[in-house]
Amino acid sequence: MPIIVLEGINGAGKSTAGNCICEALGKEGKSCVLIDAAGYGRIGRLLRRQIVLPEVQSTPDFDAMLFSTLRVEGALRIPQILQKEPATIILLERWSLALGAYGAADGARPGLVSELRAVLDGALTIDATILMDVSGKIAFKRIESEAGENRFESKGPEFLERVAEAHRKLALSMVGVVVVDAAGTIDATFNRVLATLRSKLKM
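Model, not experiment: these values are computed from the prediction.

Calculation notes
- Residues numbered from 1 in each chain as written.
- Predicted model: local features only at pLDDT ≥ 70, side-chain atom pairs only at ≥ 80, totals over all residues.
- Heavy atoms only, no water.
- Helix = DSSP H or I, 4+ residues; strand = E, 2+ residues; numbered from the N terminus.
- Buried < 20%, exposed > 50% of the residue type's maximum accessible area, 1.4 Å probe, protein only.
- Lys, Arg positive; Asp, Glu negative; His and termini not counted.
- Salt bridge = Lys/Arg side-chain N within 4 Å of Asp/Glu carboxyl O.
- Pairing = 2+ DSSP bridges.
- Axes fitted to C-alpha atoms, helices over the stretch in contact; angles between N-to-C directions.
- Contact = heavy atoms within 4.5 Å.

Peer 1: Looking at this model, I keep getting lost on the side chain of R71. Mind explaining?
Peer 2: Tracing the backbone shows R71 in helix α3 (residues 60–75). Nearest to the buried, unbridged R71 among oppositely charged side chains is D36, at 5.4 Å.

Shown next, in the form of structure tokens:
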């Protein structure tokens, strides 16, 4: 039961690549599921949609605490999946690296973010993390038409680039993180991520 994390800023292509990977592995007879741990389950999905709305009044510290809580709650549901299919490959959209990167770019207290990341890292054993790296400018262009619906995306390409740079910096300090160029086409990115995943899982 390997758990692989797909990390990256909004617009990096995590959902698209993750869905394509699960489809490709499914054709090979392998069980794979893509999970956004912060929005997993009925309550998680509801909260995940609400907390990113532009009208929500929050603070960087509160955002960090809320997202980490939702991710832990989502992770606790993973055993339910594995009861049905123990060999399932779990692809997680973001984990502790995202919390650190967005927290740093948004101004959350470093000590708080560090503690919350430790909680996440203690909640699950992650087999590998793939950082889908893309510039804030390219990512924002991909999501610009919907950016007004998300208070993080609506901060624009400069904010996304700060988050991307924080991702890169944190990745250098972590063991097992592979950085994949996600600036190209969907197919090119998918192929790079899938090749990395196969290498990590020796498939």
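Peer 1: Is there a simple way to explain the sheet that holds strand β5 (residues 177–181) in this structure?
Peer 2: Think of a sheet as strands paired side by side through backbone hydrogen bonds, with each pair either parallel or antiparallel. Taken in spatial order, the 5 strands line up as β2-β3-β1-β4-β5 in an open sheet, and their pairing is parallel. Of all the strands in the sheet, just β2 (32–35) and β5 have a single pairing partner and so form its edges. Across the sheet, the mean angle from the axis of one strand to that of its neighbour is 20 degrees, orientation sign disregarded. Relative to β5, strand β4 (residues 128–133) runs parallel, the two sharing 5 bridges. Counterpart to M132 in the pairing with β5 is V180. Together, β1 (3–7), β4 and β5 form the strand contacts of helix α8 (residues 157–172), whose direction differs from that of β4 by roughly 150 degrees.

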